[in-house]
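# Structural description and commentary
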Amino acid sequence: MLFLAVLLVSCGEEHRSRSLVKDFLKENLTIDDYSVDRWEKYDSTYRVSAQAIASLHSNVTHIGPFKSGIRYQPYKAGDKLYFVRLKYEVDLGGDSLTKMTHTFYIDKDLTGVVAVKEN
């Protein structure tokens, strides 16, 4: 019973994380259309420093079709973060779609995206 309860909570957290990423993309991509190839690794970590988060914030407009001035969920150093990796395609013009892979870090309360990293 305990295993089943843990599994259900974990599935709910992963679903919530994916939903937050979809909302983040809808609000912060410079294009309106993207196509999900697949959702990959979902996990959690305590090993992301405040400096790393700040660096990811400053680099985000250079790693994909993201708007500038993105508002992120606050992060306190040492807090647990969830992360999910997404492979997707966007139309940036040209003859074919551009494939992208990004990891999205989500706050411990599953309320919003803290940072985005290019893979």
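Check the entry above for the structure.
Let me begin by describing the structure that accompanies this report. Note that the structure is a prediction, hence the values are computed from the model and not measured.

## What to know about the pairing of strand β3 (residues 98–106)
Two strands pair when backbone bridges link them, and strand β2 (residues 81–90) and β3 are joined in this way by 9 bridges, in the antiparallel orientation. Counted as the bridge partner of Tyr88 is Met100 from β3.

## Let's talk about the environment of Thr61
Along the chain, Thr61 falls in the loop between α2 (50–59) and β2. Along the backbone, Thr61 and Asp33 are 28 residues apart, and their C-alpha atoms lie at a distance of 17 Å.

## Some points on the side chain of Ser17
Relative to the assigned elements, Ser17 resides in helix α1 (residues 2–28). If near-sequence neighbours (up to four positions away) are discounted, Ser17 is found in contact with Tyr42, Tyr82, Ile106 and Leu110.

## Some points on the nonpolar core
Soluble globular proteins tend to pack their nonpolar side chains together in the buried interior. Counting residues in each nonpolar core, the largest one holds 24 residues, and the members touching the most others are Phe66 and Phe104. Listed by contribution, the elements that provide at least two residues to this core are α1, β1 (34–45), β2, β3 and β4 (113–118). Ranked by residue count, the leading element in this core is β2, at 5 residues. Setting aside chain neighbours within four positions, we find Phe66 in contact with Phe24, Leu25, Asn28, Leu29, Thr30, Val60, Thr61, Tyr88, His102 and Val116. The next biggest cluster of nonpolar side chains, apart from the first, holds 9 residues, and it includes Leu56, Tyr105, Val114 and Ala115.

## A look at the packing of aromatic side chains
In total, this model carries 6 aromatic pairs according to the counting rule given. Aromatic pair Tyr34 and Tyr88: ring centres 5.9 Å apart, planes at 80 degrees, arrangement edge-to-face. With Tyr34 in strand β1 and Tyr88 in strand β2, this residue pair connects regions lying 54 residues apart in the sequence. Judged by relative accessible area, Tyr34 falls into the partly exposed class, the value being 23%. With 6.0 Å between their ring centres and 45 degrees between their planes, Phe83 and Tyr105 make a pair best called tilted. Placement of Phe83 in strand β2 and of Tyr105 in strand β3 is noted, with a sequence separation of 22 residues between them. Given a relative accessible area of 9%, Tyr105 falls into the buried group.

## With respect to unusual backbone geometry
Phi is positive for Leu110, close to 55 degrees, though the residue is something other than glycine. Looking at the secondary structure, you find Leu110 in the loop between β3 and β4.

## Description of the pairing of β4
In this sheet, β4 lies alongside β3 in antiparallel orientation, the contact comprising 5 bridges. Looking at the pairing, Ile106 lines up with Val113 of β4. Counted along the chain from β3 to the antiparallel partner β4, the turn is 6 residues long, and its residue Leu110 has a positive phi close to 55 degrees.

Basis of the calculations
- Residues numbered from 1 in each chain as written.
- Predicted model: local features only at pLDDT ≥ 70, side-chain atom pairs only at ≥ 80, totals over all residues.
- Heavy atoms only, no water.
- Pairing = 2+ DSSP bridges.
- Helix = DSSP H or I, 4+ residues; strand = E, 2+ residues; numbered from the N terminus.
- Contact = heavy atoms within 4.5 Å.
- Core = buried A, V, L, I, M, F, W, Y, C linked by side-chain atoms within 4.5 Å.
- Buried < 20%, exposed > 50% of the residue type's maximum accessible area, 1.4 Å probe, protein only.
- Phe/Tyr/Trp six-rings, centres within 6.5 Å; stacked < 30°, edge-to-face > 60°.

Nothing here speaks to function; it is geometry throughout.
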